[in-house]
Amino acid sequence: MHIMTQHDEQGVGAEVARAIDPGEYREHFHREFRFAAYYSAGREWPDYEPAYRYGYESFLECGDRRFEDVEAQLARGWSRARAASRLHWTEARDAVRDGWHHIERNLPHALDRPLR
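Caption draft 1: Structural context of unusual backbone geometry. A positive phi angle is found at Ala-83, which is not glycine, with a value near 55°. Within the secondary structure layout, Ala-83 lies in the loop between helix H4 (67-81) and helix H5 (89-106).

Set out below in structure tokens:
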């Protein structure tokens with residue numbers, strides 16, 4: 001997935017890009033991933049980082065929909081997005097979803113988006 005599409009320039013993706021700094025997003029999860037309920041012992045940051053990045057990038061493209069509505073599409077795309085991650089989709093899913101929810105919680109209230 002790519003970071004921005006032409007469609008996003010006026011949509012959710014542009015709003016996310018203005019509201020959620022990708023560096024801060026990455027650092028948040030780098031600090032917190034080992035404390036997540038879905039963390040698996042023996043997995044490291046290089047396993048989880050692609051899942052969080054995929055969460056960010058896919059939210060830019062699909063964030064006007066619910067995670068559950070695009071989950072099948074995201075599952076199909078994970079093999080390309082995973083890079084060197086050892087996580088299979090069943091392991092990465094919760095990290096990707098956590099990334100989506102982190103963005104939703106931190107978007108400006110002006111978007112009037114319900115929390116999920």
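So, next bit.
Caption draft 2: Fine view of the packing of aromatic side chains. A complete count under the given rule lists 14 aromatic pairs for this structure. Ring geometry for Tyr-39 versus Tyr-48: centroids 5.8 Å apart, planes at 35°, classification tilted. Given the relative accessible area of 22%, Tyr-39 is considered partly exposed. Each ring, one from Trp-45 and one from Tyr-52, has its centre 5.9 Å from the other, and the planes form 20°; the classification is stacked.

Caption draft 3: Local environment of the pattern of salt bridges. Applying the stated criterion across every chain yields a total of 11 salt bridges. We note a salt bridge from Glu-68 to Arg-66, for which the minimum N-O separation is 3.5 Å. Residue class for Arg-66 comes out partly exposed when judged on its relative accessible area of 39%.

Caption draft 4: Spotlight on H5. For H5, spanning 18 residues, the distance from its first C-alpha to its last is 25 Å, which sits close to the expected 26 Å at 1.5 Å a residue. All of the buried residues in H5 are Trp-89, Ala-92, Ala-95, Val-96, Gly-99, Trp-100, His-101, His-102, Ile-103 and Glu-104. Along its buried surface, H5 packs onto helix H1 (12-19), helix H2 (22-32), helix H3 (45-62) and H4.

Caption draft 5: Spatial organisation of the confidence of the model for the protein. When pLDDT is averaged along the protein, the result is 86; 84% of the residues meet or exceed 70. Mean pLDDT values over the elements of the protein span from 76, in H1, up to 97, in H4. Contacts for the low-pLDDT stretch residues 1-9, under 50 throughout, to residues beyond four places or in other chains number 20 contacts.

Caption draft 6: A look at the side chain of Glu-71. For Glu-71, the position within the fold is in helix H4. A polar atom in the side chain of Glu-71 sits 2.5 Å from the side chain of Arg-93.

Caption draft 7: Looking closely at the environment of Ile-103. For Ile-103, the location among the structural elements is in helix H5. For Ile-103, a relative accessible area of 0% translates into the label buried. When the C-alpha atoms of Ile-103 and Leu-60 are compared, they prove to be 9.8 Å apart, with 43 residues separating the residues in sequence. What Ile-103 contacts, discounting residues up to four positions off in sequence, is Val-16, Ile-20, Tyr-25, Gly-55, Tyr-56 and Phe-59.

Conventions and cut-offs
- Every chain begins its residue count from 1, and numbering advances along the sequence as written.
- Totals for whole chains, interfaces and linings use every residue, but because this is a predicted model, local features are given only for residues with pLDDT of at least 70 and side-chain atom pairs only at 80 or more, for both listing and counting.
- Hydrogens and waters are ignored; side-chain quantities use all the structure's heavy atoms.
- Each helix is a run of H or I in the DSSP string that is no shorter than four residues. Each strand is a run of E no shorter than two, and both are numbered from the N terminus.
- In this analysis, rings of Phe, Tyr and Trp, with Trp reduced to its six-membered ring, are considered paired at centre separations within 6.5 Å, and the interplanar angle assigns stacked below 30 degrees, edge-to-face beyond 60, and tilted for intermediate values.
- A simple rule labels every residue: compare its accessible area, found with a 1.4 Å probe on the protein chains alone, to the largest value its type can have, and call it buried under 20%, exposed over 50%, or partly exposed in between.
- Salt-bridge detection follows one rule: a side-chain nitrogen of Lys or Arg within 4 Å of a carboxyl oxygen of Asp or Glu.
- What a helix should span is 1.5 Å times the count of its residues minus one.
- In this description, contact between two residues means that some pair of their heavy atoms is separated by no more than 4.5 Å.
- Confidence of the prediction at every residue is given by pLDDT, a number between 0 and 100.
- Polar contact criterion, stated in full: a pair of N or O atoms within 3.5 Å, where within protein one must be able to donate a hydrogen and the other to accept it, and residues adjacent in sequence count only if both atoms are side-chain atoms.

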